[in-house]
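Coordinate analysis (summary)
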Amino acid sequence: WGTGSLVLLAGEPGIGKTTLLEQVETHARKRGLTVHSARSPAAAGAPAFWPWTQVLESVAASLEDDGLLRATAGAAAPVAQLSPSIAQRTGRNLPLTGDSPQALRFVLYEAVSTFLNQAGVAATTVITLDDIQWADLPSLELLSYLTPTLQTRRLMVVAAYRNLAADSTEALTATLATVSREDAADEISLT
């Protein structure tokens with residue numbers, strides 16, 4: 001794990017993507033690595049950033065209160081907008097203000113990146129994201145935002161998705177095109 005990476009697992013439904021993710025998690029834990037996992041729901045209505053909210057809450061649960069306060073300091077403070085438990089534990093529930101939704105999302109992308117660094121997630125950690133074909137646009141954009149930074153971290157992100165045309169969205173297609181240009185990204189197509 002000299003440098004971090006993004007591994008994309010692509011395949012049709014039922015081919016074993018989730019099982020492979022579980023094996024990655026088990027193997028990582030056996031090697032003493034920290035694992036945080038999330039899944040995008042197939043059902044509509046999940047809040048924006050839902051997969052990343054699951055990751056943030058998992059990271060927060062692994063921290064003592066003082067460590068969580070340090071992890072959410074400065075530019076990371078807006079992560080409290082994505083996690084009620086982080087907001088409650090830190091008291092940092094200040095609403096984001098601004099005119100542009102895209103600019104506000106960028107603040108959240110940077111907040112998540114900073115939080116992961118300040119929480120020590122950059123030290124030999126694996127994040128698994130299952131069913132990203134159902135992830136919302138902000139979650140996929142956050143994955144695109146984090147991918148170029150992975151080479152400077154000891155963080156592996158493994159994301160699984162269905163590669164059927166019926167399950168593809170414009171957001172997923174754009175994300176895959178963006179991250180595939182990065183040296184930190186590799187794709188494995190299961191057959």
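Below you will find a few notes about this structure. A quick note: this is a predicted structure, and the numbers were derived from the prediction, not measured.

Ranked by size, the top nonpolar core spans 46 residues in total, and within it Leu6, Phe115, Leu129 and Ile132 carry the most contacts. Counting residues per element, this core draws most heavily on helix 5 (residues 101-118), at six residues. With sequence-adjacent residues up to four places away left out, Leu6 is seen in contact with Leu143, Thr147, Leu150, Val157, Ala159, Val179, Ala184, Ala185 and Asp186. The next biggest cluster of nonpolar side chains, apart from the first, holds 10 residues, and it includes Leu9, Leu21, Ala28 and Val126.

The strand order 2-3-4-1-5 describes an open sheet built from five strands, whose pairing is parallel. Strands at the two margins of the open sheet, each flanked by one partner only, are strand 2 (34-39) and strand 5 (185-189). Between one strand axis and the next, the sheet turns by 15 degrees as a mean value, whatever way the strands run.

Definitions and limits used
- Residues numbered from 1 in each chain as written.
- Predicted model: local features only at pLDDT ≥ 70, side-chain atom pairs only at ≥ 80, totals over all residues.
- Heavy atoms only, no water.
- Core = buried A, V, L, I, M, F, W, Y, C linked by side-chain atoms within 4.5 Å.
- Buried < 20%, exposed > 50% of the residue type's maximum accessible area, 1.4 Å probe, protein only.
- Helix = DSSP H or I, 4+ residues; strand = E, 2+ residues; numbered from the N terminus.
- Contact = heavy atoms within 4.5 Å.
- Pairing = 2+ DSSP bridges.
- Axes fitted to C-alpha atoms, helices over the stretch in contact; angles between N-to-C directions.

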